[in-house]
Amino acid sequence: MGKIKTHKASAKRFSVTGGGKVKMNRQNRRHKLGHKSAKRKMALRGGGYVSESFAPTVKHLIQKH
């Protein structure tokens, strides 16, 4: 049986912290920023954490094999 490969698209978008949480960047900050409010854009600047229910799936995709 062959090795399981890392899902590279997910590996570029997510990272695991030392405590085991999965860190992510917010979406909707790439283009069409003219019609979005400054308050909304400021809120999107900071990163976030993946929900506890989705974290095991992401960890499985980005684990190093």
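Things to note about the sheet that holds strand β3 (residues 48-49)
- Read across the open sheet, the 3 strands follow the order β1-β2-β3; overall the sheet is antiparallel. Pairing within the sheet leaves two strands with one partner each, and these edge strands are β1 (14-16) and β3.
- In terms of strand pairing, β1 meets strand β2 (residues 22-24) through 3 bridges, oriented antiparallel. The partner of S15 across the bridge, within β2, is K23.

So, helix α3 (residues 55-62)
- Taken as a whole, α3 has its buried residues at A55, V58 and I62. The arc that holds the buried residues of α3, viewed along the axis, is 65°, so those residues lie on one side.
- If you follow the buried residues of α3, they end up packed against α1 (8-13), β1 and β2.

Some remarks on the packing of aromatic side chains
- Scanning the model with the defined rule gives 0 aromatic pairs in all.
- Above the plane of the ring of Y49 lies K21, whose end atom (NZ or CZ) is 5.1 Å from the centre.

Topic: a positive patch on the surface
- A cluster of basic side chains, namely K8, K12, R13, R30 and K64, defines a positive patch on the protein surface.
- Within the secondary structure layout, R30 lies in the loop between β2 and α2 (38-45).

Thoughts on the side chain of T6
- Within the fold, T6 resides in the segment before α1.
- Within the local environment of T6, its side chain forms a polar contact with the backbone oxygen of Q63, the two atoms lying 3.1 Å apart.

The rules behind each value
Residues numbered from 1 in each chain as written. Predicted model: local features only at pLDDT ≥ 70, side-chain atom pairs only at ≥ 80, totals over all residues. Heavy atoms only, no water. Pairing = 2+ DSSP bridges. Helix = DSSP H or I, 4+ residues; strand = E, 2+ residues; numbered from the N terminus. Buried < 20%, exposed > 50% of the residue type's maximum accessible area, 1.4 Å probe, protein only. Arc of directions from axis to C-beta. Contact = heavy atoms within 4.5 Å. Phe/Tyr/Trp six-rings, centres within 6.5 Å; stacked < 30°, edge-to-face > 60°. Lys NZ or Arg CZ within 6 Å of the ring centre and 35° of its normal. Patch = residues over 30% accessible without salt bridge, like charges linked within 9 Å, V, L, I, M, F, W, Y side chains within 5 Å. Areas by Shrake-Rupley, 256 points an atom, 1.4 Å probe, with all protein chains shown as cover. Salt bridge = Lys/Arg side-chain N within 4 Å of Asp/Glu carboxyl O. Lys, Arg positive; Asp, Glu negative; His and termini not counted. Charge placed at Lys NZ, Arg CZ, Asp CG, Glu CD. Polar contact = N/O pair within 3.5 Å; in protein donor to acceptor, adjacent residues only side chain to side chain.

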